[in-house]
Amino acid sequence: MSSGGGGAPAAAPRKPMGSRNSAATEVKNAAQRREKERAEKEAAAARRLRDMCMYLRIEASEKHLYWVAELALLAQLPPHWKEYKDEEGHAYFHNHVSNVTAWTHPRDDYFLQIVARERQKIADMAVLAQQQRKLRWNASGKHGDIILSQEDLTAENNSDGSYPSFRTGNKMMMGKHCILFTIDKLEEDGFIWMGVAKENFYYNTDANPDEDYNSHGYTSVGEILVCGRIKGQGREKVRQGDEVAIVVDFQERSIVWYRNSHPVAFFEGFDGSGLYFSVVMGHKGYQVSIGRVESIPHPIIKWDPKKFLDKSVLLQSGNVSARSLAATGYAVVRANAPFQRDSPYFELTIETLARDGFIMIGIGNAEVHTAVGQIPSAEYNHYAYSSTGEAYAGGKLVRKDLPRINMGDRVGFRMLFEVQRIVFYLNSRSVVELTGFPTYEDYYPCVSFGNAGYQVKIDPVPHIPLGVPRWTPDHLHPKRYSVEEEEMVAKGIKANTCISVMSTVEYDSGREYFEIRVKAIHPDGEMCIGLASSKIVDNFRMIPFQEFRHAGYKNDGQLVAFGEVVKEGLPRIHVPDRVGVLIDYAKEEILFFHEGHPVGRVISSHVRGRFHPCLIAVQQFDVEMDPTPTIPALTPEWDPARCQQDIVLSPDKLSAKVEVDTQSARTVWATTTYSSGVLFIEIEVELHGRAGYIVYGVGNRNFAGDSVKQPRAALPFEEYYVVGFSSRGDLITAGAIERRGEEPWNNGDRMAIRIDFESETFAAYKNSHPVLVGDCPGVAVGVSPIVTLLYGPHTIRIDPMPRVPPSP
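Scoring rules and cut-offs
Residues numbered from 1 in each chain as written. Predicted model: local features only at pLDDT ≥ 70, side-chain atom pairs only at ≥ 80, totals over all residues. Heavy atoms only, no water. Helix = DSSP H or I, 4+ residues; strand = E, 2+ residues; numbered from the N terminus. Buried < 20%, exposed > 50% of the residue type's maximum accessible area, 1.4 Å probe, protein only. Contact = heavy atoms within 4.5 Å. Salt bridge = Lys/Arg side-chain N within 4 Å of Asp/Glu carboxyl O. Pairing = 2+ DSSP bridges. Arc of directions from axis to C-beta. Axes fitted to C-alpha atoms, helices over the stretch in contact; angles between N-to-C directions. Phe/Tyr/Trp six-rings, centres within 6.5 Å; stacked < 30°, edge-to-face > 60°. Lys NZ or Arg CZ within 6 Å of the ring centre and 35° of its normal. pLDDT = per-residue confidence, 0-100.

## What about the overall build of the chain?
When helices and strands are counted, the chain shows three helices and 57 strands. Evaluated residue by residue, the chain yields a buried proportion of 50% over its 808 residues. Long-range contacts, defined here as pairs at least 24 residues apart, represent 66% of the contacts in the chain between residues at least 6 apart.

Here you go:
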């Protein structure tokens, strides 16, 4: 005991040494038990794998096939099957729907097929390797200062304007052949033609070899050239660093070109044999090497007539169609081959779809073509996206708010087996992601049809959509920013500090769109959303210098492009607004959208090359990238093919210069069809005839077709107009005046119509003020703007960037 306050406490009694040794022994024994259990589990797993390999007839030397056995061990039973054991403990399986009993697992045949298929691939590769050992550049007919070795073809400069041609030394007569060209060097304005031709090809000096050489080629600018004629344009361009594979199949008489393992060009029906792999060079320096492919690229997917039970439907290799299905109900067709696990994309085009027709595009197992009814049930592992804007997974409805599919649309999907995800695309834009499909089964592209006529066509070489734009954190300060795939948050940025962030996605061709939702922005902050080159990460100004090739939409309503402010007065960006950006390389323009409506446009020759989505900001913010944005309704253009006589057209203006007679009206139909979201279109009346009459509105697809057969009545028939209003202020529905107005149109007036497709309601505006509102049932099937002109003369113009008023 202590003798007073503040003394040191008494020493704690020491534990016996034996108890400490006992605890250490227990820890050691527990570790040994865990190690023993782990070793026993590994041994048991190895025995199960060995037994499964023996069952699947996989030899011990075929370790490259062990993954099939591992997959088989994880396979679950299909729907309606259940495992039982007999009196001796042996397992058997029973299907309580079909009343079938089996001693083997229902999935075993599938895994045996995989083993056979993988062995065939190895055999094919042995033949391919033998062919490729003979692939060498042929030195005959060598041109000028070009350096030629057995595998490399190089020119530092080719400024004389000629197009030297080369071929390999091995002749192809039959079977299937493949070559890989690696583009080691290709300057920006260089040119390469890659394909097959006859033996005398090295005499050619033209960029487009003529029919004397029986040439079939694909060029670095994206053209397919066959015997001197262009057979296709708009394919993916070839750049330095790309690998281009060519597969020639003499049995099917087909040639497929692959860029970086993706099919980009396809030709079927070539004539003759005795062909050589060949190239043509031009313009500037280049280097092309002959490489070795690791495997034969996947063949083009086609419809399989053997796996289609409905005999009333016309079926070809890439097309499937039917005039009517009224008597047969619903039919399902599947492709001739499963969707490969490393295949990037599948796409088809809806060439014809009757007004009340139904189409569902997706995947299913090998028996999906036997499904009966509108929606294949769970046992078919069916995942699909329908023309009515619905998504199905395993036979169940999981989404019903998606964009509808219309005639002319392109519908595709990409399967990501590693994460068990399937992404559906409409016109190259992702619309929905479905997850959770089993990975132990083959999946075939399939289509379900019903109700009425249709025609769909597989695109053998679809343009592969870019991935979802993600923010890249490589250059961000870790203490000030956080990045999680779509969302980016910045905190604590000083008022005089400007940061620039770009996305991982790179655009270089076609028509691309991205959309950002602003979740938070500092009251005194600045923000600019747009596109720029990859150098934008070095920018420190809200309006970057021209060298950054930047175009953007600022939160204060300014439009900036290539170093200067080009427009002011756009809608200001607030929380939680959506800002979209669309780049169209063909038109050399960039469109900016606010809450789904076009508000700004940049047209410039600078809209070329590579762009990244980017964000420039001062002070804190929070923004989120939409992974599946819908491209907003674009400004329609008048269609010359759908225009009656006496009407003069320009892209956004139409006029009737003559006074049409009192018995016959003139009608024009715009190019774009709308079926979802909110549509707002405004016209400006530049000239209205004193005794004239104009009807402006939206009509359905029945109006399309031969302009000679279009109605010439002042009030088009019931089956054409969904809703419209006239220059006398009248509301027109179902081909008749439903309500008369009190405010006629005058020169200089701005007349607009707003359609809400979800609620099927409309509002008509005059000079931004609502004058008529009502219901418009049926617009969700798809409508286009139409204008009918009577008497005259008249001139009206579509406003490409209307100021959208609030909903009445």
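## Observations concerning the pattern of salt bridges
For the coordinates displayed, the defined rule picks out 23 salt bridges. Overlapping salt bridges bring together Glu 35, Arg 38 and Glu 42 as one network.

## Things to note about the pairing of strand 55 (residues 769-775)
By the bridge criterion, six bridges tie strand 54 (residues 761-766) to strand 55 in an arrangement that is antiparallel. The residue bridging Thr 761 from the neighbouring strand is Asp 775, located in strand 55. In this antiparallel pair of consecutive strands, strand 54 and strand 55, the connection spans two residues, and Asn 767 shows a positive phi of 55°.

## Focus on helix 2 (residues 66-74)
Along helix 2, the residues that are buried comprise Val 68, Ala 69, Leu 71 and Ala 72. Viewed end-on, helix 2 has its buried residues packed into an arc of 160°, placing them on one side of the element.

## Overview of the sheet that holds strand 1 (residues 81-85)
Reading across the sheet, the three strands line up as 1-2-3 and stay open at both edges, with antiparallel pairing between neighbours. Each end of this open sheet is capped by a strand with a single partner; those strands are strand 1 and strand 3 (100-102). Sheet twist, expressed as the mean angle between neighbouring strand axes with direction ignored, is 25°. Strand direction decides the pairing type here: strand 1 and strand 2 (residues 91-95), joined by five bridges, are antiparallel. If you follow Lys 82 over to strand 2, its bridge partner there is His 94.

## Describing the pairing of strand 43 (residues 621-625)
Burial within strand 43 is extensive, with four of its five residues counted as buried. Where strand 34 (residues 511-521) and strand 43 come together, five bridges link them in antiparallel fashion. What sits directly across from Arg 517, in strand 43, is Glu 624.

## Overview of the packing of aromatic side chains
Inspection of the entire model under this criterion finds 20 aromatic pairs. A ring pair is formed by Phe 346 and Phe 413, whose centres lie 5.3 Å apart and whose planes are at 40°; its orientation type is tilted. Separated by 67 residues along the polypeptide, Phe 346 in strand 21 (residues 346-353) and Phe 413 in strand 26 (residues 410-416) bring together distant segments of the chain. Of the residues examined, Phe 346 reaches a relative accessible area of 4% and is grouped as buried. Every member of this aromatic cluster is reached through a ring pair, and the members are Trp 303, Phe 339, Phe 346, Tyr 385, Phe 413 and Phe 424. Arg 334 extends its terminal NZ or CZ atom over the ring of Tyr 444, reaching a point 3.9 Å from the ring centre. Geometry around Phe 545 places Arg 541 over its ring, the cationic atom sitting 4.2 Å from the centre.

## Description of the side chain of Lys 554
As for its placement among the helices and strands, Lys 554 is situated in strand 36 (residues 551-554). Owing to a relative accessible area of 5%, Lys 554 belongs among the buried residues under this scheme. Among residues more than four places away in sequence, those in contact with Lys 554 are Glu 526, Met 527, Cys 528, Met 542, Val 560 and Ile 573.

## Some words on the environment of Pro 460
One can find Pro 460 in the loop between strand 30 (454-458) and strand 31 (481-484). When its relative accessible area of 22% is taken as the criterion, Pro 460 is described as partly exposed. Between the C-alpha atom of Pro 460 and that of Leu 348, which follows or precedes it by 112 residues, the distance is 8.6 Å. The contact partners of Pro 460, leaving out residues within four places of it in the chain, are Pro 263, Phe 266 and Ile 300.

## Let's talk about the environment of Phe 201
Here Phe 201 is to be found in the loop between strand 8 (191-197) and strand 9 (216-219). For Phe 201, a relative accessible area of 0% gives the class buried. Linking Phe 201 and Ser 165, residues 36 residues apart in sequence, is a C-alpha distance of 6.8 Å.

## Examining the confidence of the model for the chain
When pLDDT is averaged along the chain, the result is 77; 78% of the residues meet or exceed 70. Within the chain, strand 31 has the poorest average pLDDT of any element, 51, and strand 36 the best, 95. Every residue in residues 703-712 is under pLDDT 50, and counting partners more than four places away or in other chains gives 26 contacts.

## What to know about the sheet that holds strand 15 (residues 276-282)
Read from one edge to the other, the open sheet built from six strands follows the order 6-15-8-9-10-11, with strand pairing classed as antiparallel. Of all strands in the sheet, those bounded by a partner on one side alone are strand 6 (165-167) and strand 11 (229-232). Strand after strand, the sheet turns through a mean of 25° between neighbouring axes, direction not considered. Note: strand 8 against strand 9, four bridges, orientation antiparallel. By the bridge assignment for strand 9, Met 194 is matched with Tyr 218.

## As for the side chain of His 597
Here His 597 shows up in strand 41 (residues 597-603). Note on His 597: relative accessible area 12%, which makes it buried. Setting aside chain neighbours within four positions, we find His 597 in contact with Phe 592, Val 678, Phe 680 and Val 804.

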